[in-house]
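If you want the building blocks of each chain, they are given just below.
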Amino acid sequence: MRSYILQRFLLMIPILIGVSLFTFFLSRMAPGDPLMHYTDPDFTQEMREEMMEKMGLNKPIYVQYISWLREALKGNLGVSLRYRSETVVHLIREKISPTIALTLTSLILAVFIAIPIGIYSAVKQYSIGDYIFTLGSFLGISVPSFFLALGLIYIFSLKLRWFPMAGMQTIGSRGGGFIDILRHLVLPVTALTLMRLAAFVRYSRGAMLEVISQDYIRTARSKGVTEKIVIFKHALRNAAIPIVTMVGMSIARLFSGALIVETVFSWPGLGKLSYEAVLQRDYPVLMGTTLLVALMVVVGNMVADITYSLIDPQIRYD
Amino acid sequence: MYDENVETTKEIKSSPGTLVWRRFRHNRMALIGLGMLSIIVLISILAPLLATHDPNKIYMDKFRQPPNDEHILGTDSLGRDVWSRLVYGSRVSMTVGITAVAMYLLIGVTIGTLAAYFGGVVDMVLMRLTDIVMSFPFLLFALVIVATLEGEGNIWVVMGVIGLLGWTTNARLIRGQILSLRDKDYVQSARALGASHFRIIFKHLLPNAMAPVLVASTLSMAFAIMTEAALSFLGMGVPPTMASWGSMLSEANSRLVMDRMPWLWVPPGIAVLVSVLSINFVGDGLRDALDPKQKNNKEV
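All values reported here derive from a predicted model rather than from experimental measurement.

Rules used in this analysis
- Residues numbered from 1 in each chain as written.
- Chains lettered and ligands numbered in written order.
- Predicted model: local features only at pLDDT ≥ 70, side-chain atom pairs only at ≥ 80, totals over all residues.
- Heavy atoms only, no water.
- Contact = heavy atoms within 4.5 Å.
- Buried area = accessible area lost by both parts, 1.4 Å probe.
- Salt bridge = Lys/Arg side-chain N within 4 Å of Asp/Glu carboxyl O.
- Polar contact = N/O pair within 3.5 Å; in protein donor to acceptor, adjacent residues only side chain to side chain.
- Helix = DSSP H or I, 4+ residues; strand = E, 2+ residues; numbered from the N terminus.
- Nonpolar A, V, L, I, M, F, W, Y, C, P; charged D, E, K, R; others polar.
- Axes fitted to C-alpha atoms, helices over the stretch in contact; angles between N-to-C directions.
- Left-handed = near helix turned anticlockwise from the far one by under 90°.
- Expected span 1.5 Å × (residues − 1).
- Buried < 20%, exposed > 50% of the residue type's maximum accessible area, 1.4 Å probe, protein only.
- Phe/Tyr/Trp six-rings, centres within 6.5 Å; stacked < 30°, edge-to-face > 60°.
- Lys NZ or Arg CZ within 6 Å of the ring centre and 35° of its normal.
- Patch = residues over 30% accessible without salt bridge, like charges linked within 9 Å, V, L, I, M, F, W, Y side chains within 5 Å.
- Areas by Shrake-Rupley, 256 points an atom, 1.4 Å probe, with all protein chains shown as cover.
- Lys, Arg positive; Asp, Glu negative; His and termini not counted.
- Charge placed at Lys NZ, Arg CZ, Asp CG, Glu CD.
- Parallel < 35°, antiparallel > 145°, perpendicular 65-115°, else oblique.

Engineer: So what's going on with the interface of chain A and chain B? Which residues, and what values?
Structural biologist: Of the residues lining the interface, 52 residues belong to chain A; the matching set on chain B comes to 47 residues. Between chain A and chain B the total buried area reaches about 4500 Å² when both faces are included, carbon and sulfur atoms providing 77% of it. One can count one salt bridge joining chain A with chain B. For A:Arg202, the salt bridge goes to B:Asp284, with nearest N and O atoms at 3.5 Å. The interface formed by chain A and chain B contains three residue pairs in polar contact (both at pLDDT 80 or more). Looking at the side of chain A that touches chain B, the elements with two or more residues in it are α1 (2–28), α5 (128–142), α6 (145–159), α7 (177–212), α10 (251–265), α11 (270–280) and α12 (283–311) of chain A. Counting residues per element, the side of chain A that touches chain B draws most heavily on α1(A), which supplies nine residues. The residue makeup of the side of chain A that touches chain B, split by class, is 35 nonpolar, 13 polar and four charged.

Engineer: Which residues make up the packing of helix α5 (residues 82–118) of chain B against helix α6 (residues 120–135) of chain B, and what values do they have?
Structural biologist: Residues and elements named next belong to chain B. Where α5 contacts α6, the axes come no closer than 7 Å and their chain directions differ by 145 degrees. In this structure, the crossing between α5 and α6 has a hand that is left-handed. In this structure, α5 uses Ile-111, Leu-114, Ala-115 and Phe-118 to contact α6, whose residues at the interface are Gly-120, Val-122, Asp-123, Leu-126, Met-127, Leu-129 and Thr-130. For the contact of α5 with α6, the residue count by class is eight nonpolar, two polar and one charged.

Engineer: So what about helix α14 (residues 262–290) of chain B? Which residues, and what values?
Structural biologist: The terminal C-alpha atoms of α14(B), which comprises 29 residues, lie 41 Å apart, in line with the 42 Å expected from a rise of 1.5 Å per residue. Counting buried positions over the 29 residues of α14(B) gives 22, a clear majority of the element.

Engineer: Please set out the packing of aromatic side chains residue by residue, giving values where relevant.
Structural biologist: Aromatic rings considered in pairs are described by the distance between their centres and by the relative angle of their planes. With the rule as written, the count across this model stands at 16 aromatic pairs over all chains. For the pair A:Phe24 and A:Tyr65, a centre-to-centre distance of 5.3 Å together with 70 degrees between the ring planes defines the contact as edge-to-face. Residue A:Phe24 is located in helix α1, and its partner A:Tyr65 is located in helix α3 (residues 61–73); the two are separated by 41 residues in the primary sequence. On the accessibility criterion, A:Phe24 (2% relative accessible area) is buried. Classification of A:Tyr65 as buried rests on a relative accessible area of 6%. Taking the centre distance of 4.7 Å and the plane angle of 35 degrees together, the rings of B:Phe198 and B:Phe202 count as tilted. Placement of the pair is B:Phe198 and B:Phe202 together in helix α11 (residues 197–233), with a separation of four residues, close to one helical turn. For B:Phe202, a relative accessible area of 48% puts it in the partly exposed group. The aromatic ring of A:Phe138 is capped on one face by A:Arg202, whose charged end is 4.5 Å from the ring centroid.

Engineer: I'd like a description of a negative patch on the surface, backed by residues and values.
Structural biologist: Residues and elements named next belong to chain A. A contiguous patch of negative charge, built from Glu-46, Glu-49, Glu-50 and Glu-53, is present on the exposed surface. With respect to the helices and strands, Glu-49 occurs in helix α2 (residues 45–55). We classify Glu-49 as partly exposed; its relative accessible area is 47%.

Engineer: Give a detailed account of the packing of α5(B) against helix α8 (residues 155–165) of chain B, specifying residues and quantitative values.
Structural biologist: Helix-helix packing is described using two parameters, namely the angle between the two axes and the distance between the axes. Residue and element names in this part refer to chain B. Relative orientation of the contacting elements α5 and α8 amounts to 40 degrees, with a least axis distance of 8 Å. Taken as axis vectors, α5 and α8 run oblique relative to one another. When the axes of α5 and α8 are compared, the crossing they make is right-handed. Residues Val-92, Thr-95, Val-96, Thr-99, Ala-100, Met-103, Tyr-104 and Ile-107 of α5 form the contact with α8, whose participating residues are Ile-155, Met-159, Gly-160, Ile-162, Gly-163 and Leu-164. Looking at the contact of α5 with α8, its residues break down into ten nonpolar, four polar and no charged.

Engineer: Give a detailed account of the side chain of B:Asp81, specifying residues and quantitative values.
Structural biologist: Residues and elements named next belong to chain B. As for its position among the elements, Asp-81 is in the loop between α4 (47–50) and α5. In this structure the side chain of Asp-81 is engaged in a polar contact, spanning 2.5 Å, whose partner is the side chain of Ser-84. Excluding residues within four positions of it along the chain, Asp-81 makes contact with Thr-52, His-53, His-71, Ile-72, Gly-74 and Thr-75.

Quick look at the structure:
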């Protein structure tokens, strides 16, 4: 077991190097030089070259990558091209809390709403309730995130005027504080939760159905265990394995969702930061956020795999 | 008695395809999905007949007109006919969906088969490659690639990106399937009879390994269509001149449009929703039809 965990840890290294290599070379392949967007048009050619020289941008690309990697290992991800004075680490640190607030809330809400619905749907398979939830979850996985976000803004912000349509704080309000942020959080969280919720309901329903048909459930029932204990003790414990995996594996999707939701709602988080970094060709920032997201995805997958093997001793790794 | 015998013989003789279709037919949602999907495909084929205007023609004097007799869904911010763009938009979505699935199948099946069949170092290298691609933050990467290769947007780049980043599920599925089939007796005997690798893979392994891959591919077509719409919505998809549902939706970036002109952004949103929904219905029906084991579960 310990060697398995160690092996998984070691595997993260080539994956992260692969991701960073790919992002680095790809972003440098773009036509035009990286400073194109960030220098005055009346800069002379010499001033430009001097700047490139100073930032090490005219060395061969692999040399640039190696020096980037060396600095990155020391925890220095460089300076943003767009916000000259800000380091990438500082920018990420500033934007990570809004993203965590958004994604973690949605993830927790989605899991805790989805599992009871999944259990209900599986236990009462083919009931009207099951049909409604199944249809609802189909709708949920099929609606494009940005359309859902726009719809929420249209109904709850523009028409009903219950919640603000964008941002994290009311502009000009002198720290309306926690309640103000909470009001801004409602719609983006709803959008992200609904998307995850739909996928989780389908998954937990499937997992429950799979377990309920097993022999040991029939045995438990036939020896007179009450239905409640059969479902919540025997069945749920076993269905928990695929559900845990599902949550761990969903981090990549969660971030893609956050990128769109943050952009539509102008939520000042990592998703919006990366989208803007793409648009503005702010390579150091882009490298930083991509690597961070890849790290979260890899850790999520690893935690899912390890939990999986802890819960189910039948799984052996060699 | 006699009749029953005839019936059983028929049952045995019917091809796997017929069996799958028979099971599929009994799934109401899957049939509805298939019906809706056929309509959308038909719309994209017949687009020139259904469109009332040239989707790219700009009517200078009438931009952002509400729906009227002349323009049944009104006109957009550049004065183009929304209904015609909506009809032509189905072509982009269907093309992207089909191409992406073809790429998922081609890349995923090749990599998964090679990894499982040859094992050892080949397996290690190919699966680590799959792990790396799986860890890419999909949408962010797609944005980076599109921004790098084609600032203005180009449908080939978009299709290529979606195809190149999404094959990992297929690779893993097919690898698992082939691993479980590789040492089956019938494969062993084929090998003993001197069948080539090529013949074993294409004749004995792949046909038996494809069922879950087909289901996953159908569902990933839905994902591809959604991704194209998202990229175009973010201004990094197909070129703005090409009518795509995603880029039509980006009209809603203007608060005025969102608030007062829902005809500009609600119809393309619903179009994406309906296509993706119908594909998901079909995929789910296929899963039930191809996997009799699950079908049994349902009867418990």
